[in-house]
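The primary structure of each chain is shown beneath.
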Amino acid sequence: MHDFDELKAFAEVMETGSLTLSARKLGLAKSTLSRRISHLEARLEQPLLRRQANRLLPTEAGLLFHRYCQDILALAERSHEALAELREDISGTVTLEVHCALARGWMGQIMDTFMARYPKVELTLRTRETPPSSLNSHCVHVCLGQIPESGLHQEPLGMLTRGLYASPTYLSKQPLLEHPRDLAGHPWIDLLGTTQNGLLLHHESQGPYHFYPPRSRLRVDLTALHLDAIARGKGIGLLPHWLADKREAHHPGELTPCLPNWQPAPLPITLLYAYGYQPRRVKALLAFLRQQMPHQWQHNGVAA
């Protein structure tokens, strides 16, 4: 029978390649961690790790055993989860990854409510600009934009309408914008990759217009930097109305719509999570996110 503390010690060192880092992450003395791995090697009657320079590298036996070690630890975790399901309380760890454009204006306002409602849940909140590419049954994702197939369940949550924005100070020094073709004479602030194939704008009476932005001298890969550059008067860019309204509420007069009658397609907001069985804490988080969706997203989704 394997000792789970020894297995966890070995798995952690396999991840970091360092006794010092692993001991710090596990909250153990370095000597305790080293002793656990030595006991495991003695139990298996084979060396699992070898030292090379300042790193610990797996032996052939270590590589082979690591796969079984991960399976054993994963099975133990699932057994604990199954037992936790029998309890009335909702507890355990869960990870939530949210698109950067939604993190501050929405997520920051509701997370305290979730933590207060479920005091035994440990939540890790991360931001990201791109959809996930791997599966994790303990992770929920809130994505913005079109989502490629990833093997995760995709649940529509709402829609964000968008528009063209600039700084009022910047526009006051420029000729009047009357049609999307006039945008060609302005610097374009590009959120990396979002308009590389052009931007289809629609007018209620004039129909569609496919605008190809000029090559941008400033391209950014974070929504916050994109928003800041537009607000500082560096040019014109595309923003969700909801996000622009949030910025204006805190910093009045920094943004103004351009060509408000020309609208691009709205962006879908999607919940991503693993198929199949969901631990109670994940079910609780999914239900909470659905309940806390802003009314504007629902309205925009219906309109779209």
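This text follows the structure it describes.
In what follows, the accompanying structure is described. These figures come from a predicted structure and were not determined experimentally.

A few points about the sheet that holds strand β13 (residues 256-258)
In any sheet, the strands associate via hydrogen bonds between backbone groups, in a parallel or an antiparallel arrangement. With antiparallel pairing, three strands are arranged side by side in an open sheet as β12-β7-β13. A strand with exactly one partner marks an edge of an open sheet, and here the two such strands are β12 (237-240) and β13. Pairwise comparison of adjacent strand axes, ignoring direction, gives a mean angle of 60° for this sheet. Pairing of strand β7 (residues 162-166) with β12 involves four bridges; the strand directions are antiparallel. Pairing of Gly163 across the sheet is with Leu239, part of β12. Seen against the sheet, helix α7 (residues 223-231) touches β7 and β12 and runs at an angle of roughly 120° to β12.

Concerning the packing of aromatic side chains
Scanning the model with the defined rule gives seven aromatic pairs in all. Relative to Trp297, the ring of Trp242 lies with its centre 5.4 Å away and its plane at 75°, an arrangement referred to as edge-to-face. A residue pair is termed long-range when its members are at least 10 positions apart, and Trp242 in helix α8 (residues 241-250) and Trp297 in helix α10 (residues 295-303) qualify at 55 residues. Judged by its relative accessible area of 6%, Trp242 is buried. Members of the aromatic cluster, joined through ring pairs, are Trp106, Trp242 and Trp297.

Notes on helix α3 (residues 30-44)
In this model α3 runs 21 Å from its N-terminal to its C-terminal C-alpha over 15 residues, within 8% of the 21 Å that 1.5 Å per residue would give. Among the residues of α3, those classed as buried are Thr32, Leu33, Ile37, Leu40 and Glu41. Glu45 occupies a position one or two residues after α3 and carries a positive phi of about 60°.

What to know about unusual backbone geometry
Here the phi dihedral of Glu45 falls at roughly 60°; this positive angle occurs in a residue that is not glycine. In the Ramachandran plot, Ala53 falls in the positive-phi region, its phi being about 55° despite a non-glycine side chain. Secondary-structure assignment places Ala53 in the loop between β1 (49-52) and β2 (55-58).

Focus on the packing of helix α5 (residues 100-117) against α8
Between α5 and α8, the shortest axis-to-axis distance is 10 Å and the interhelical angle comes to 65°. Judged on the interaxial angle alone, α8 and α5 are roughly perpendicular. Relative to α8, α5 is oriented so that their crossing is left-handed. Contact residues: α5 offers Ala101, Leu102, Gly105, Trp106 and Gln109, while α8 offers Trp242, Leu243 and Lys246.

Here's the deal with the pairing of β2
Here β1 runs beside β2; their pairing, made up of four bridges, is antiparallel. Of the residues in β2, the one forming a bridge with Leu49 is Pro58. Taking the residues that link successive antiparallel strands as the turn, the β1-β2 hairpin has two residues, and the phi of Ala53 there is positive, at about 55°.

A short note on the side chain of His186
The residue His186 is located in the loop between α6 (168-172) and β8 (189-191) in this model. Within polar-contact distance, the side chain of His186 engages the side chain of Tyr170 at 2.7 Å. The contacts of His186, once residues within four sequence positions are left out, are Tyr170, Gln174, Pro175, Leu177, Pro214 and Ile236.

What counts, and at which threshold
- Residues numbered from 1 in each chain as written.
- Predicted model: local features only at pLDDT ≥ 70, side-chain atom pairs only at ≥ 80, totals over all residues.
- Heavy atoms only, no water.
- Pairing = 2+ DSSP bridges.
- Helix = DSSP H or I, 4+ residues; strand = E, 2+ residues; numbered from the N terminus.
- Axes fitted to C-alpha atoms, helices over the stretch in contact; angles between N-to-C directions.
- Contact = heavy atoms within 4.5 Å.
- Phe/Tyr/Trp six-rings, centres within 6.5 Å; stacked < 30°, edge-to-face > 60°.
- Buried < 20%, exposed > 50% of the residue type's maximum accessible area, 1.4 Å probe, protein only.
- Expected span 1.5 Å × (residues − 1).
- Parallel < 35°, antiparallel > 145°, perpendicular 65-115°, else oblique.
- Left-handed = near helix turned anticlockwise from the far one by under 90°.
- Polar contact = N/O pair within 3.5 Å; in protein donor to acceptor, adjacent residues only side chain to side chain.

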